[in-house]
Amino acid sequence: MSMLEVKDLRISFRQDGQVIPAVKGVSFSVDRGETVALVGESGSGKSVTALSTVSLLGSSAQVTGSVTYAGQEMVGADERRLRQVRGNDISFIFQEPMTSLNPLHTLEKQLRESLELHQGLTGDAARGRIVELLERVGIRDAASRLGAYPHQLSGGQRQRVMIAMALANKPDILIADEPTTALDVTIQAQILELLAELKREEGMGLLFITHDLGIVQRIADRVCVMKDGEIVEAGPVADVFAAPQHAYTRKLLSARAVGLPSPVTEGAPVVAETHDLRVWFPIQKGFLKRTVGHVKAVNAATLSVRAGETLGIVGESGSGKTTLALAIMRLIASEGGIRFAGEDVNGWSTRELRRRRAEMQIVFQDPFGSLSPRMTAAQIIAEGLGVHGNPDGRPERDLVAEVMDEVGLNPAMMDRYPHEFSGGQRQRIAIARAMILRPKLVVLDEPTSALDMTVQVQIVDLLRELQRKYALAYLFISHDLHVVRAMSHRVMVMKDGDVVEAGDAETLFTAPQTDYARKLLAAALEGRTEV
């Protein structure tokens, strides 16, 4: 008997008086010590299928079919039984950690809650287990981070905390929904090795949901390919990858961002530049909050990016990539020189900075956390027009429809709310919101991390076309070096707040000069799991 068995699962949602099918007769199983991967494009039904295993869908969901764990039926099970199973026997790693972690609670409190509830651990025993878990998933100096809040961590660090929470009670089944989406390639390799090790030691079954087929090939025993709520192909990974039978599977396997960005126009003006930019966060202790040291997030970073040029910024999670970009945008305090369009940004008044915000936009890493749940897609995308004015003078809905079409969203969906879109669709809304003002500089912080491979290709093509058309300057932050190579004219490598290497993209990818850059590129481009 399989540990987790799904038979003829059908899920639909009631919306505006209509019943919309999301999953249509899905069947698969997960055995002890086995990894089964669910792959497919955004909106194919992968996450909905996973959530249904322990009845985590909302009241609008209608679920039929069978989901059994250890021979016991989960569909229609009473709430008491479900509470015993959730987080204990079946644990989840969710796709968007910022929406899963409580912003008001420290890391220690959030991890302790699960240990107290399911294992009865308290006091020093619980704290020791928490430190062990955080260290095991790659949180450096874990004991000193117990009092940190989610917003004080990088996206990758938040994802590792989520993984630690899911592993706390040594579950029989771990359902991982895009668990390495926010992680750089070296930490991704460590996490995949950790999951493989736990699977061997504990006999844990792993249901792995991802759009990264490289990861599937690396860790999964069997794969189920989903499209429009159905499994169109399933089988051993080696067989499916070697000889895919379905046209859709072949399309997924062939999807990869390729090509190069358009050349930068000779004499193109510098849009943004920094000189010895530094961001240090004080470490305060004691009743009087005395500063006893600093977290050196960015050290003396010097860079420039021209109109029509992309500067790729790569490095491990916590290396300072996003902090550097936020400092350039004047969203956090910094020291050192920052110039935008030839002007000293540090000399701008608050009023002038607010006025110039239209020219510098950002697409954040976590699309769900940056979109208001109370606003429709149209309201979110048009929000900047209300703040900075409508440059074209055309009706807002016409402009929204146009930019939605540009980023691959159906304009007919503009009156839907963020929770009614898939993760990839939410990311495209975030891109549309930034692009509607036609800025000069756009910071792209992991803009393709939530997207499946086929949509990644579309978004990369879109970003390159927008750059060519409007001479946009991009700061492109990503851990996916395939995408960085396809997008970037120049690349900067960061480690522990320092810029360790920078130069022409093709030169850096083919002949990196530092050991760290070589290790980073090897882990990403050679598909290695060891680092």
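Residues numbered from 1 in each chain as written. Predicted model: local features only at pLDDT ≥ 70, side-chain atom pairs only at ≥ 80, totals over all residues. Heavy atoms only, no water.

- The name given to the protein in an unreviewed UniProt entry is Glutathione import ATP-binding protein GsiA, and the organism recorded there is Roseovarius mucosus.
- Taken directly from UniProt, the Subcellular location (unreviewed entry) text for the protein runs: "Cell inner membrane". (UniProt positions renumbered as here; feature names shortened; annotations may be inferred.)

**A look at the confidence of the model for the protein**
- Scored by pLDDT, the protein comes out at a mean of 87, with 96% of its residues at no less than 70.
- Predicted confidence for residues 526–531 stays below pLDDT 50, and this span has 16 contacts to residues more than four positions away or in other chains. (pLDDT = per-residue confidence, 0-100. Contact = heavy atoms within 4.5 Å.)

**Focus: the domain arrangement of the protein**
- Taken domain by domain, the protein holds domain 1 (2–89 + 171–254), domain 2 (105–170) and domain 3 (270–526).
- Taking the mean C-alpha position of each, domain 2 and domain 3 sit 29 Å from one another.
- The interface is formed by six residues belonging to domain 2 together with four residues belonging to domain 3.
- Around 350 Å² of area is buried between domain 2 and domain 3 when both sides are counted, 27% of it from carbon and sulfur atoms.
- For the pair domain 2 and domain 3, the number of links is one salt bridge.
- The closest approach of N and O atoms between R140 and D496, which form a salt bridge, is 3.5 Å.
- Our enumeration of links across domain 2 and domain 3 arrives at one residue pair in polar contact (both at pLDDT 80 or more).
- Across the side of domain 2 that touches domain 3, the residue classes tally to no nonpolar, four polar and two charged. (Domains from an automatic or database assignment. Buried area = accessible area lost by both parts, 1.4 Å probe. Salt bridge = Lys/Arg side-chain N within 4 Å of Asp/Glu carboxyl O. Polar contact = N/O pair within 3.5 Å; in protein donor to acceptor, adjacent residues only side chain to side chain. Nonpolar A, V, L, I, M, F, W, Y, C, P; charged D, E, K, R; others polar.)

**As for unusual backbone geometry**
- Even without glycine at this site, S55 takes up a positive phi of about 55°.
- Considering the arrangement of structural elements, one finds S55 in the loop between α1 (46–52) and β4 (61–69).
- For A471, which is not glycine, the phi dihedral falls at a positive 55°.
- Along the chain, the position of A471 falls in the loop between α16 (453–470) and β18 (473–477). (Helix = DSSP H or I, 4+ residues; strand = E, 2+ residues; numbered from the N terminus.)

**So, helix α5 (residues 123–136)**
- Under the 1.5 Å per step criterion, the end-to-end length of α5 is 20 Å for 14 residues, consistent within 8% with the ideal 20 Å.
- Within the span of α5, buried status applies to A126, R129, I130, V131, L133 and L134. (Expected span 1.5 Å × (residues − 1). Buried < 20%, exposed > 50% of the residue type's maximum accessible area, 1.4 Å probe, protein only.)

**Focus on the sheet that holds strand β10 (residues 230–236)**
- One open sheet accounts for six strands, arranged β6-β7-β8-β3-β9-β10; its pairing is mixed. The outermost strands of the open sheet, each flanked by one partner alone, are β6 (90–93) and β10. Shown here is a sheet whose adjacent strand axes are inclined to one another by a mean of 15°, direction ignored.
- As judged from the four bridges shared by strand β3 (residues 35–39) and strand β9 (residues 222–227), these two strands associate in the parallel manner. Within the sheet, the bridge partner assigned to V39 lies in β9 and is V225.
- Contacts from helix α10 (residues 247–254) reach β9 and β10 within the one sheet, and its direction differs from that of β9 by about 105°. (Pairing = 2+ DSSP bridges. Axes fitted to C-alpha atoms, helices over the stretch in contact; angles between N-to-C directions.)

**Some thoughts on the pattern of salt bridges**
- In this structure the tally under the stated criterion is 28 salt bridges.
- A salt bridge links R112 to E108, with the nearest nitrogen and oxygen atoms 2.5 Å apart. Separated by four residues within a single helix, R112 and E108 lie in helix α4 (residues 107–119), roughly one turn from each other.
- R112 gets classed as buried once you look at its relative accessible area, which sits at 17%.

**Focus: the sheet that holds strand β14 (residues 335–340)**
- Taken in spatial order, the four strands make up an open sheet running β12-β11-β14-β15, and their pairing is antiparallel. The strands lining the two open edges of the sheet, one partner per strand, are β12 (290–306) and β15 (343–344).
- By the bridge criterion, five bridges tie strand β11 (residues 270–285) to β14 in an arrangement that is antiparallel. In the strand pairing of β14, R278 is matched with E335.

**Quick word on the nonpolar core**
- By size, the foremost hydrophobic cluster in this structure holds 55 residues, and its most contacted members are M435, L463 and Y474.
- Not counting the four nearest positions on each side in its chain, M435 is found in contact with V403, V442, L463, L466, L472 and Y474. (Core = buried A, V, L, I, M, F, W, Y, C linked by side-chain atoms within 4.5 Å.)

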